[in-house]
Amino acid sequence: MSQVSIRKVVKSYDGDVQAVKGIDLEIEDHEFVVLVGPSGCGKSTTLRMVAGLEEITDGEIWIGGDIVNDVPPRDRDIAMVFQNYALYPHMSVFDNMAFGLKLRKVPKPEIKQRVDEAARILDIGELLDRKPKALSGGQRQRVAMGRAIVRHPKVFLFDEPLSNLDAKLRVQMRTEIKKVHQTVNTTTVYVTHDQVEAMTLADRVVVMNQGVIEQVGPPQELYHNPGTRFVAGFIGSPAMNFLPCRVQNGAGGLTVRVGDSMVLPVPPARKERYASFKDREMILGLRPEHLYEYHDDSKPGVARVEAPADVVEPMGMETMVHFFVNGIPVCARVDPATHAVPGETLPLSADLNHMHLIEPETGRVV
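This structure is a prediction, so every number in the text was calculated from the model and none was measured.

1. Re the pattern of salt bridges
Counted by the stated rule, this structure contains 20 salt bridges. Between Glu 359 and Arg 280 there is a salt bridge whose closest N-O contact spans 3.4 Å. With Glu 359 in the segment after strand 21 (356–358) and Arg 280 in the loop between helix 9 (268–274) and strand 14 (281–286), this pair connects stretches of sequence that are 79 residues apart. For Arg 333, the salt bridge is made with Glu 289, and the minimal N-O distance between the two is 3.1 Å.

What follows is the structure, encoded as structure tokens:
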């Protein structure tokens, strides 16, 4: 068993600066959990407390059914992969991967068997005799992962392992890490500031903000059903659009009014849910993919809006159009064959069936 339990864990510095504010998290055996959030949110501190590299101010951490608050890192049966690889430059790839096993006095035949197996999984068998200086960044990261795999630990910990790689290699290594987890199937806790990494890798994503956990769930659940404005804005690229609005009754029923000129119908399926917010100032959230070039569509909850395009960004498979509504920047994701031209009015369809209504005071998605 290799569950990880984080129970009411607090981390304070200098007595009054709380980096982590009493978080609770249960990570199941074999699960791949990603901690994601902006710089300073407490995600790396949480990982380092699980590893034993940071002392806990309050609370408990359990690994595999045992409390480990006072257990030193070497005895926690975890393996950590760092951002900077942390390879020994004077050792070969084989010796880097085998070093921890030699310290534990594992028999030489078993060391060779474990290293060869990890090298096979990571496709670095032909690199075992090389030194780190003869490897690319991606190869070094594979070696660092291999060093963790040979340990057969209860838990893998990844601390922003792809941050030093270029964009193309990061995509490739994301796939490699996912394949390794499917093969080795060890409980994994992964920290990143990149929400794309979180969405593509995780069984569950933990979104952190200012030392607290905002929301935990599968990637698609967080994307389609965010619980707070912070989660709605952090998950998804480009980010969700947010517009101040007022919920009110219109000729056809409940509507949201954005400024003086834009009145959007609330879809029938959401009218009962939003009825109690009538006559209240709220925030309308709508993702760019739910603003697209207008075509005659009688689907309930889809409204036509018009705005002069400010910036048009062709991206190959799609085009982003940026414009302003009441001085607030808004992004629409349109067909790559669009004829949108900066300065010209572009008719768009707003699919309110995917809208989010947010309380301004609390940031809660209602």
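2. Observations concerning the environment of Gly 138
The residue Gly 138 is located in helix 4 (residues 137–149) in this model. Owing to a relative accessible area of 2%, Gly 138 belongs among the buried residues under this scheme. Each C-alpha atom, one on Gly 138 and one on Leu 165, is 7.1 Å from the other, the two residues being 27 residues apart in sequence. Every residue in contact with Gly 138, bar those within four places of it in the chain, is listed here: Leu 165, Leu 169 and Met 173.

3. A few points about the side chain of Thr 192
If you trace the backbone, Thr 192 turns up in strand 8 (residues 187–192). A relative accessible area of 1% means that Thr 192 is categorised as buried. Separated by 2.9 Å, the side chain of Thr 192 and the backbone nitrogen of Asp 194 make a polar contact. Leaving out residues up to four positions away in the same chain, Thr 192 has contacts with Val 34, Leu 35, Val 36, Gly 37, Lys 43, Glu 160, Glu 197 and Ala 198.

Rules behind the numbers
Counting of residues starts from 1 at the beginning of each chain's written sequence and follows it residue by residue. This being a predicted model, a pLDDT of at least 70 is required before a residue's local features are given, and a value of 80 or more before pairs of side-chain atoms are given or counted; all residues contribute to the totals for chains, interfaces and linings. To obtain the side-chain values, all non-hydrogen atoms of the structure were included, while hydrogens and water were left out. Here, a salt bridge means any Lys or Arg side-chain nitrogen found within 4 Å of an Asp or Glu carboxyl oxygen. Only DSSP runs of H or I with at least four residues qualify as helices, and only runs of E with at least two residues qualify as strands; both kinds are numbered from the N terminus onward. Partly exposed describes any residue whose relative accessible area lies between the buried limit of under 20% and the exposed limit of over 50%, with all areas from a 1.4 Å probe on protein chains only and scaled to the type maximum. Here a residue-residue contact requires only that any non-hydrogen atoms of the pair lie within 4.5 Å. Polar contact is the term for a pair of N or O atoms within 3.5 Å; when the atoms are in protein, one must be able to donate a hydrogen and the other to accept it, and sequence-neighboring residues count only if both atoms are side-chain atoms.

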